[in-house]
Amino acid sequence: MSAELDFIAALRALAGDPAARGLRDDCAVLPFGGQTLVLTHDTIVAGVHFLPDMDPADIAWRLVATNISDLAAKGAAPVGVLLAYQLNGAEARFLEGLRAALAEYGAPLLGGDTVGMPDGAAQTLGLTAIGRATHTPVPGRDGAALGDILYITGPVGGAMIGLEALRGGDNGAASAAYRRPQAQLAAGIALAPHVGAMMDVSDGVLLDAARMATASRVTIAIDSAAVPIAAPEPRRAEALRWGDDYHLLFTAAPDVVLPVHAHAIGRVIAAGKAPILLDGAPLSLGDDLGFAHG
Ligand SMILES: Nc1ncnc2c1ncn2[C@@H]1O[C@H](COP(=O)(O)OP(=O)(O)OP(=O)(O)O)[C@@H](O)[C@H]1O
Ligand SMILES: Cc1ncc(C[n+]2csc(CCOP(=O)(O)O)c2C)c(N)n1
Ligand SMILES: [Mg+2]
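Residues numbered from 1 in each chain as written. Chains lettered and ligands numbered in written order. Predicted model: local features only at pLDDT ≥ 70, side-chain atom pairs only at ≥ 80, totals over all residues. Heavy atoms only, no water.

**A few points about the nonpolar core**
Here comes step 1: Among the nonpolar cores identified, the biggest contains 49 residues, and F50, V64, I68, F94, Y105 and L125 are the most heavily contacted of them.
Here comes step 2: The set of elements that each furnish at least two residues to this core consists of β2 (35-45), α2 (56-72), β3 (76-86), α3 (91-105), β5 (124-133), α4 (158-167), α6 (185-191) and β9 (248-252).
Here comes step 3: When residues in this core are grouped by element, the largest group, nine residues, is from α2.
Here comes step 4: Among residues more than four places away in sequence, those in contact with I68 are P78, Y105, A107, A183 and L185. (Core = buried A, V, L, I, M, F, W, Y, C linked by side-chain atoms within 4.5 Å. Buried < 20%, exposed > 50% of the residue type's maximum accessible area, 1.4 Å probe, protein only. Helix = DSSP H or I, 4+ residues; strand = E, 2+ residues; numbered from the N terminus. Contact = heavy atoms within 4.5 Å.)

Here it is in structure tokens:
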């Protein structure tokens, strides 16, 4: 197991409230005052999640969009966000990107915290996003049922190609999938009443599908050629593993008429030894399926 998974496993002892969903979901889901709040927090670090010298407006956009993407996976409408910011002298451009992203997703800034940073430290930014469930029960990673079809709302691998373009000096369309990921908020809200399981793809479609299969106690058979990619064909295997895609991965029964366009990429079968079968070959969480910290 990775250091990240070991730590989250240890945290489970402290996360017994049902709202924590066993730390096995994209968000906490908290019934409150007759409604259901959906809560998520993501941290991004220079050199890990963004390039230290990229436009701070794009950094702000990534911070907002990646968090709103977790709300999208729950079919939650944004209530607002709290920002944790480290001053580095580039505040003006950061604010421009923040304003644009919050306007895009209709998420008001509700508060946060601002601190200085030690010389030479990597900038670390955090965002808490709060949403309101538009449909209950709120979809989880654990709802994939035998016979369901596995779908994805769009291609993978675009951010991988976009980061390469950005590193090569592009600041336009070729790097946009990396600089300006699009949270599938409207799709998630439309899909929530129709899905079995749903999650956003942040760590790679294979790893995230394996997590869905594990949470749902099933095996998911994926047809690699059916997965739409935004990368050259010879890089298909990488595109399925790189991550940062932020499309929605979900299951639905075969007779469900989907309210949005999505690509069928696999099906849910009885639990076998491995969580996923890729073109018939069993793959486990320990295999190189996607992005992991530590
Ligand atoms: N430091 C932490 N304290 C409490 N819970 C944590 C911590 N780190 C992760 N978790 C929980 O562990 C689970 C898995 O976290 P992870 O960040 O992998 O999910 P995610 O938010 O869907 O992923 P991504 O950040 O790629 O969208 C979530 O329920 C998350 O809330
Ligand atoms: C500069 C740079 N930017 C991005 C990446 C790729 N990447 C970093 S974290 C992550 C998964 C989501 O993170 P988390 O699980 O922490 O939410 C991915 C796909 C990279 N290698 N280098
Ligand atoms: Mg997620």
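**Quick look at the pairing of strand β6 (residues 149-152)**
Here comes step 1: As paired elements, β6 and β9 share four bridges and run antiparallel to each other. Among the inter-strand pairings, I152 is bridged to a residue of β9, identified as L249.
Here comes step 2: Note that β6 and strand β10 (residues 263-269) share four bridges and pair antiparallel. Note on β10: the bridge partner recorded for L150 is G266. (Pairing = 2+ DSSP bridges.)

**So, the domain arrangement of the chain**
Here comes step 1: We note that the domain assignment places domain 1 (3-133) and domain 2 (149-283) within the chain.
Here comes step 2: Taken together, the 23 residues of domain 1 in the interface contact 20 residues of domain 2.
Here comes step 3: With both sides pooled, the region where domain 1 packs onto domain 2 buries about 1,900 Å², and carbon together with sulfur makes up 56% of that total.
Here comes step 4: Across the contact surface, domain 1 and domain 2 share three salt bridges.
Here comes step 5: Put simply, R180 and D58 hold a salt bridge, and the shortest N to O gap is 2.7 Å.
Here comes step 6: In this structure, the connection of domain 1 to domain 2 is made through eight residue pairs in polar contact (both at pLDDT 80 or more).
Here comes step 7: Counting residues per element, the ones that place at least two in the side of domain 1 that touches domain 2 are α2, β3 and α3.
Here comes step 8: Residue contributions to the side of domain 1 that touches domain 2 peak at ten residues, all from α2. (Domains from an automatic or database assignment. Buried area = accessible area lost by both parts, 1.4 Å probe. Salt bridge = Lys/Arg side-chain N within 4 Å of Asp/Glu carboxyl O. Polar contact = N/O pair within 3.5 Å; in protein donor to acceptor, adjacent residues only side chain to side chain.)

**Re the UniProt feature "binding site: Mg(2+) 1" (unreviewed entry) in the chain**
Here comes step 1: Mapped onto this numbering, the UniProt entry gives "binding site: Mg(2+) 1" (unreviewed entry) at D42 and D113.
Here comes step 2: With residues up to four places along the chain from it excluded, the contact list for D42 reads L63, T66, N67, D70, L125, G126 and L127.
Here comes step 3: In this structure, D113 is in contact with L83, A84 and Y85, ignoring residues within four places of it in sequence. (UniProt positions renumbered as here; feature names shortened; annotations may be inferred.)

**Some details on α2**
Here comes step 1: Spanning 17 residues, α2 covers 24 Å between terminal C-alpha atoms, matching the ideal 24 Å at 1.5 Å per step.
Here comes step 2: Extensive coverage of α2 is indicated by the burial of 17 of its 17 residues.
Here comes step 3: With a side-chain oxygen positioned 2.9 Å from the backbone nitrogen of A57, the residue opening α2 is D55. (Expected span 1.5 Å × (residues − 1).)

**Some points on the site of ligand 1**
Here comes step 1: Every residue lining ligand 1 is accounted for by F7, I8, L11, L23, D25, D26, D42, D70, R141, S202 and D203.
Here comes step 2: Within the side chain of D42, one N or O atom sits 2.6 Å away from an oxygen atom of ligand 1.
Here comes step 3: Measuring from an oxygen atom of ligand 1, one finds a side-chain N or O atom of D70 at 3.0 Å.
Here comes step 4: Starting from 620 Å² of accessible surface for ligand 1 in isolation, the protein chains cover 65%.
Here comes step 5: Ranked by residue count, the leading element in the shell around ligand 1 is helix α1 (residues 3-11), at three residues.
Here comes step 6: Taken together, the residues of the shell around ligand 1 sort by class into four nonpolar, one polar and six charged. (Near = heavy atom within 4 Å. Areas by Shrake-Rupley, 256 points an atom, 1.4 Å probe, with all protein chains shown as cover. Nonpolar A, V, L, I, M, F, W, Y, C, P; charged D, E, K, R; others polar.)

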